[in-house]
Amino acid sequence: MSELQTVSTNKAFGGVQGVYRHQSEATGTPMTFSVFVPEHETGATLPVLWYLSGLTCTHANVTDKGDYHRACADAGIIFIAPDTSPRGEGVADDDAYDFGQGAGFYVDATEEPWAPHFRMRSYIEDELPALIAAEFPVDMMRQGITGHSMGGHGALTIGLRNAGRFKSISAFAPIVSPLDCPWGEKALGGYLGNDRSEWRTYDACALIADGARVPDLLVDQGDADQFLAEQLKPDLLRAACDAAGIDLNLRMQPGYDHSYYFISTFMADHVRWHAERLV
């Protein structure tokens, strides 16, 4: 396992907000992530809430603007925010904001030139959890996952594929069906090729249709979100959950857009919702 480097630490609400870097075997690049560890008794282990960010973001967006620290300190939950893609010299990129660096879509790419580094599924599902378990006071039997937009897609699909690992799954304005929106068709086609059957494992609605089951989901969606009709399509998730008997709490929030003003408004609600399930 690669050596963990501490980039920065700051005290917040009695706990420690840290930023860390390591050399990833999955992506073949340095990867940076943030971890908030609440104040706790020596020797105690705490539940974990993973947060996956959206297009163009790094770990820093939610760390600086997500307003999760007080809620996580109150609930005694460790909050982990990875990056959205590999980055750096020699890593393939694209001029568009919705593809390439900053837009990894939490897949393991199979197409060139993306396959050598764009292995965010393996990084988030396997490598980073092993590193976290070795370095932080986590109870890996109590994990929840959430995310925003592209990261909401990541949270839903990773959670559904690993339902035995995650006790709770939520999302903010997620891309619920990459098979049925321009962002998803571009990204999955580019990273995985033209065989759409290979995309289904990266589509929450398709995973549910194919048999993935969890007890419940929480999704917040602003009704003034500029991407609502073309890209996000939460009604597709509602239909998939209704057909599968999954209890989906889809909360349409009047007047809210796609920004971190929206996310920060409802972040504490999500932390408390996860805390109830991570006992």
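Structure: above.
These notes cover the structure that comes with them. All values derive from a computational prediction rather than experimental measurement. (Residues numbered from 1 in each chain as written. Predicted model: local features only at pLDDT ≥ 70, side-chain atom pairs only at ≥ 80, totals over all residues. Heavy atoms only, no water.)

## As for unusual backbone geometry
Cis geometry is adopted by the peptide bond preceding Pro113, which originates at Glu112 and carries an omega value of 0°. In this structure, Tyr106 takes a positive phi of about 55° despite not being glycine. Along the polypeptide, Tyr106 turns up in the loop between β5 (78-81) and α3 (120-135). Phi at Ala173 is positive, roughly 45°, even though this residue is not glycine. (Helix = DSSP H or I, 4+ residues; strand = E, 2+ residues; numbered from the N terminus.)

## Notes on the packing of aromatic side chains
Summed over the entire model, instances satisfying the criterion amount to 15 aromatic pairs. Their ring planes at 70° and their centres at 5.2 Å tell us that Tyr20 and Phe136 sit as a pair that is edge-to-face. Note that Tyr20 is positioned in strand β2 (residues 15-23) and Phe136 in the loop between α3 and β6 (138-147), a separation of 116 residues in sequence. Residue class for Tyr20 comes out buried when judged on its relative accessible area of 8%. You can call Phe136 buried: its relative accessible area is 11%. (Phe/Tyr/Trp six-rings, centres within 6.5 Å; stacked < 30°, edge-to-face > 60°. Buried < 20%, exposed > 50% of the residue type's maximum accessible area, 1.4 Å probe, protein only.)

## Comments concerning the pattern of salt bridges
Between side chains of opposite charge, pairing is possible as soon as their charged atoms come close. A complete count under the given rule lists 14 salt bridges for this structure. As a salt-bridge pair, Arg277 and Asp216 come within 3.0 Å of each other at their nearest N and O atoms. Of the two residues, Arg277 sits in helix α9 (residues 260-277) while Asp216 sits in strand β8 (residues 216-222), which places them 61 residues apart along the sequence. Judged by relative accessible area, Arg277 falls into the partly exposed class, the value being 25%. One salt bridge in this structure joins Asp269 and Arg251, with 3.2 Å as the shortest N-O distance. Of this pair, Asp269 sits in helix α9 while Arg251 is found in strand β9 (residues 247-253), placing the two residues 18 residues apart along the sequence. Through salt bridges that share partners, Asp220, Arg251, Asp269 and Arg272 make up one connected network. (Salt bridge = Lys/Arg side-chain N within 4 Å of Asp/Glu carboxyl O.)

## With respect to the sheet that holds strand β7 (residues 166-172)
Spatially, β1-β2-β3-β5-β4-β6-β7-β8-β9 is the arrangement adopted by the nine strands of the open sheet, whose pairing is mixed. Either end of the sheet is taken by a strand with one partner, and the two such strands are β1 (5-12) and β9. Pairs of neighbouring strands in the sheet enclose a mean axial angle of 20°, with direction left out of account. Inspection of the sheet shows strand β4 (residues 46-52) paired to β5 by three bridges, in the parallel sense. Looking at β5, one finds that Val48 is bridged to Ile78. In the packing of helix α4 (residues 150-161) onto the sheet, contacts are made with β4, β6, β7 and β8, and the angle to β7 comes to roughly 160°. (Pairing = 2+ DSSP bridges. Axes fitted to C-alpha atoms, helices over the stretch in contact; angles between N-to-C directions. Contact = heavy atoms within 4.5 Å.)

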